[in-house]
Amino acid sequence: MSRVVFETLLEVRWRDLDAFNHVNNASYLGYIEEARVRWFKSLSQDWAGETAAPIMAAVMVNYRRPINWPETVRAELFAERIGGKSLTLGHRILAAHDESTLYCDGHTVLVWVDRGGQSVPLPDAVRAACA
């Protein structure tokens, strides 16, 4: 696994639960998205600026175990592949109180595009943070 470039704690919300009283699979993607947005904001306030922003091209999630409520989780992000116009960002969600409890792992492919939908080079701040 690559070096962790960002981690954040997230509280599981009651509304994240499904009929089986554990976190719905779609909510895992929301936690990963929240971690990405917090990371981007920590790098630059205009991460999704007037000229370009990241879009998700692909996502893969391995669901390792259910998350119950109440719980605090730690989302970790790490750079798996840095391309010219894309970034493969690995992710893991773990129990905040016990890092041996892995809830999910996987990766997301992000592509930076201009407002016209054309791909553009990765922002310097993102490239530097992943180096």
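Just above, that's the structure.
Here the residue numbers are simple positions, counted from 1 along each chain's written sequence. Restriction of local features to residues with pLDDT of at least 70 applies here, the model being predicted, together with a cutoff of 80 or more for giving and counting side-chain atom pairs; totals for whole chains, interfaces and linings are based on all residues. As a rule here, side-chain values come from all non-hydrogen atoms in the structure, and water together with hydrogens is ignored.

A. Spatial organisation of a nonpolar patch on the surface. Taken together, the side chains of L29, M56, V59 and Y63 define a hydrophobic patch exposed on the protein surface, amounting to about 340 Å² of accessible area. Considering each element in turn, the nonpolar patch owes the most residues, three residues, to strand 2 (residues 52-63). Helical segments are the DSSP runs of H or I of at least four residues, strand segments are the runs of E of at least two, and each set is numbered from the N terminus. Here V59 lies in strand 2. Only protein chains enter the accessibility calculation, which uses a 1.4 Å probe. A residue is then buried if its area is under 20% of the maximum for its type, exposed if over 50%, and partly exposed in between. Of the residues examined, V59 reaches a relative accessible area of 39% and is grouped as partly exposed. Patch members must show over 30% relative accessible area and no salt bridge, and they are joined within 9 Å when carrying like charges or within 5 Å when they are nonpolar side chains of Val, Leu, Ile, Met, Phe, Trp or Tyr. The Shrake-Rupley method, run with a 1.4 Å probe, gives the accessible areas here. Residue values count only the displayed protein chains as cover. Put simply, a salt bridge is a Lys or Arg side-chain nitrogen that is within 4 Å of an Asp or Glu carboxyl oxygen.

B. Up close: the layout of surface pockets. Cavities and pockets were defined on a 1 Å grid built over protein atoms only: a cavity is a set of grid points that admits a 1.4 Å probe from which the probe cannot escape, a pocket is an open set flanked by protein on both sides within 12 Å along at least five of seven lines, and lining residues are those with an atom within 4 Å of any such point. Grid points are joined across faces, edges and corners, and a volume is the space filled by probe spheres set on the points. As a volume, the largest pocket reaches approximately 200 Å³. Lining the largest pocket we find 16 residues, and of these S44, D46, W47, A52 and P123 sit closest to its centre.

C. View of the packing of aromatic side chains. When two rings of Phe, Tyr or Trp (its six-membered ring) have centres within 6.5 Å they constitute a pair, described as stacked for plane angles under 30 degrees, edge-to-face for angles over 60, and tilted for the intermediate range. According to the stated counting rule, one finds four aromatic pairs in the structure shown. A ring pair is formed by Y28 and Y63, whose centres lie 5.0 Å apart and whose planes are at 80 degrees; its orientation type is edge-to-face. Within this pair, whereas Y28 is found in helix 1 (residues 25-43), its partner Y63 is found in strand 2, the two being separated by 35 residues in sequence. For the pair F40 and W112, a centre-to-centre distance of 5.7 Å together with 80 degrees between the ring planes defines the contact as edge-to-face. Linking F40 in helix 1 with W112 in strand 5 (residues 98-114), this pair joins segments that are 72 residues apart in sequence. With relative accessibility at 4%, the residue F40 sits in the buried group.

D. Local environment of unusual backbone geometry. Along the chain, W69 connects to P70 via a cis peptide bond; the corresponding omega equals 0 degrees. Relative to the assigned elements, P70 resides in the loop between strand 2 and strand 3 (72-82). With phi around 60 degrees, N21 is a residue other than glycine that occupies positive phi space. Secondary-structure assignment places N21 in the loop between strand 1 (4-11) and helix 1.

E. A look at the sheet that holds strand 3. Following DSSP output, two strands are said to pair if at least two bridges run between them. Pairing in this open sheet of five strands is antiparallel, and the strands run 1-3-4-5-2 from one edge to the other. Of all strands in the sheet, those with a lone pairing partner are strand 1 and strand 2, marking the two edges. Averaged over all adjacent pairs, the angle separating strand axes in this sheet is 25 degrees, with direction ignored. Taken together, the nine bridges between strand 3 and strand 4 (residues 86-95) define a ladder with antiparallel strand orientation. By the bridge assignment, E76 is partnered in strand 4 with R92. It only takes one pair of heavy atoms within 4.5 Å for two residues to be counted as in contact. Angles shown run from 0 to 180 degrees and are taken between the N-to-C directions of axes, each axis being a line fitted to C-alpha atoms and, for helices, limited to the stretch in contact. Contacts from helix 1 reach strand 1, strand 2, strand 3, strand 4 and strand 5, with the element oriented near 125 degrees to strand 1.

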